[in-house]
Amino acid sequence: MTRVLLGLTGAVAAAYGGLLLLDNGFGDLVDVATWLVAGVLLHDLVLAPLVIVLVVVAARFLPDAWRAPAAAALVVLGSVTLLAIPVLGRFGERADNPTLLDRSYWAGWALIVGLTLLTTALTITVRARSARPGRVTDP
Amino acid sequence: MTRLRAPDKADFGSRLRSAAVTARVGMWLGICFGICFVTGLVSHWSQLPQPPIPVPTSPSWGYTLTQGLHVVTGTAAIPLLLVKLWSVYPKLFARPPMGSARRLAVHGAERLSIGVLVAAAIFELATGLANASQWYPWSFSFRSTHYAVAWVAIGALVVHVAVKLPTIRQALDADLEDGGLDRPSVGASTGGLSRRGLLRATWAAAGVAVLATAGNTVGWLRDVSVLAVRSGEGPQGVPINKSAIAARVTDTALDLTYRLTVAYGGREVSLSRDELAGMEQATEELPIACVEGWSASGSWRGVRVRDLLALVEAPDGSDVEVTSLQPSGPYRVTTLPANFASDPRSLLALQLGGEPLAIDHGYPCRIIAPNRPGVLQTKWVSRLEVLP
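Remember, it's a predicted structure, so these values are computed and weren't measured experimentally. (Residues numbered from 1 in each chain as written. Chains lettered and ligands numbered in written order. Predicted model: local features only at pLDDT ≥ 70, side-chain atom pairs only at ≥ 80, totals over all residues. Heavy atoms only, no water.)

Time to look at a nonpolar patch on the surface. A cluster of nonpolar side chains, Val37, Leu41, Leu42, Leu45 and Val46 of chain A, forms an exposed patch at the surface whose accessible area comes to about 480 Å². By the secondary structure assignment, Leu41 of chain A is in helix α2 (residues 26-61). (Patch = residues over 30% accessible without salt bridge, like charges linked within 9 Å, V, L, I, M, F, W, Y side chains within 5 Å. Areas by Shrake-Rupley, 256 points an atom, 1.4 Å probe, with all protein chains shown as cover. Salt bridge = Lys/Arg side-chain N within 4 Å of Asp/Glu carboxyl O. Helix = DSSP H or I, 4+ residues; strand = E, 2+ residues; numbered from the N terminus.)

Residues and elements named next belong to chain B. Spatially, β2-β1-β10-β5-β6 is the arrangement adopted by the 5 strands of the open sheet, whose pairing is mixed. Looking at strand neighbours, the two that pair on one side only are β2 (267-271) and β6 (333-336), the edges of this open sheet. Pairs of neighbouring strands in the sheet enclose a mean axial angle of 20°, with direction left out of account. In terms of strand pairing, strand β1 (residues 260-264) meets β2 through 5 bridges, oriented antiparallel. Opposite Ala263, over in β2, you have Glu268 as the bridge partner. (Pairing = 2+ DSSP bridges. Axes fitted to C-alpha atoms, helices over the stretch in contact; angles between N-to-C directions.)

The extent of an interface is frequently quoted as the accessible surface area lost upon association of the parts. Residue and element names in this part refer to chain A. Assigned domains within chain A: domain 1 (1-61) and domain 2 (63-130). Between domain 1 and domain 2, the C-alpha centre-to-centre distance is 26 Å. Each side of the interface is counted separately: domain 1 has 6 residues, and domain 2 has 4 residues. Counting across the interface, domain 1 meets domain 2 through 0 residue pairs in polar contact (both at pLDDT 80 or more). Classifying every residue of the side of domain 1 that touches domain 2 by side-chain character gives 6 nonpolar, no polar and no charged. (Domains from an automatic or database assignment. Contact = heavy atoms within 4.5 Å. Polar contact = N/O pair within 3.5 Å; in protein donor to acceptor, adjacent residues only side chain to side chain. Nonpolar A, V, L, I, M, F, W, Y, C, P; charged D, E, K, R; others polar.)

Below, the structure is given as C-alpha cells:
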C-alpha cells in the first residue's frame, strides 16, 4: 500500500513537470527533448563503454597490486574532470565581467590530478610494504 | 569465428555492479536530489512576485544557505550519479521477457520510468552545472525548464524508489559483501577494487567535487576551491553577475539628470542622487546570494525603502514594483513583496563598503534586501511604484 501511494505521488509529480514543460514553445521543446535524449545517449553509448574499455586495458597492463588504487583514482578524477568541463572550457566567459571564471582552472585541475595520483602512489607503496601472502587488499 | 552480437546482461561479471553498491550510492544520491528539489522550490518561490507560501525576510542569510546547499548537493550528485549508473549498466542489456504480454508490458513500463529518471537526472545536473558558469548552449529558458524537469526528476525518482523498495531494504539490511542480490553472472572477487573500496572512492569523489567548488559560497574554502566559478574578488570586494555594459546602462546610469521616481496612485516624488544622499541613511550588512550558488557579504549604506514609500504616503503592507534603467531583460521590472518593502533592513543602497556604488554594482542606487535571490536585488533603479 505504501509503495502504491508512493508510486502514485511520484507519477503525479512527474506528470506535473511534464505539463510545465509544455509551456515552452515548440522550438524550445525540441531543444529540451534533444538535451534530455542527448544526455542519456552520451552516457550510455559514449561514457560507459569508454570506462569499460579503459578498465579492460588497465587490467591488462597494470600490475595486480595497482588495480584497486588505480580504479579509485579513476572514479575521483573521471567525475571531477567531467564536472570541471564548463570552467576548463570557459564557455561562459564575458569580456565585460572579469569577476566570472577568474581562476586558472587548468592549474587547479592539474593540482587535483597531482594530489590524487600522489595519494594513489602512496597507497600502492604502503600496501606493497605491508602485504602478506593471502591477505585480501581493501583500499 | 565468433560473430559480433549485442552485449547481454550476463556478459557483465564484476562483483561491484551489485544492488549492494547501487542501494548505498543511490540512497545518498536520493538525499542529494531531495535537498536539491526542496531548496530549488525555495529559490523558485523566492523569485515569484506572488509566491504560494510567503517568503520570510529573516534570516537574512536564508537564501545564501538554501541556494548554497542547492549547488553543493547538486555538485556532489554528479559523481554519485555516475557511479550509480555504472553499477546498473548491465540492466540496459537485459532481454525483454518474451511470451507473456503482461510481463512484457510491466518490463516496458519500468524501462520507460527508468529512462525518464535517467534523462531528467542527467539534464538537471548538466544544465545546473552549465548555468553556474553562465554557459547557455541551448535556446530554452534555463529557469523555467530546470524547474519543470526538476518535477519530472523527483517524480520519477519517487516512482523508482516505490518500485525498488523491497530490493533497497534487502540490500541495505544485508552486509555490503553479501551476494544475495547479485546477478548469476557475477564471479568471485578477482583482486581489483572491493565494494567497500568503490564506495570509499565514490564518497571521496563527491568530497573532492564539493571542496573544489564550494568556495563560491563558503568563504573559508575560497583558497581550496580551485574549480569554483568565482574567486570572490570584484569591484568593492563583491563579484558581479551582470555588468553595466551587459545591461546597457553605462550612459543612463551616469547621466547627471538622473532622477528616481517614487509613485503611489496619483502621487509622484522625483529625487536626484544628491537628494537621496541627503535623506536619513542606514547601514546594513547583507549578503548578495545568486541563483548560481555564489554569495558575498557587503556593508551597504543608503535610504530605507520604507522611508521612501512614506514620501508618497503609501500604506504599510503594499507590494512595490521596482524598475531598472536597463532597457530590456527579464529582471528589468521586479516586484518587492510587501514584507520585504516594509522590513527596516531593506535599503535603496547608495554605497558599498563606504564608497559610492561602483557602476557594476548598480550606481546610482540599487535595492538590497535580506533573504532575497541576487537577480531580484535590482540594480540601477529608476522607479519605485507602490502597487495598489
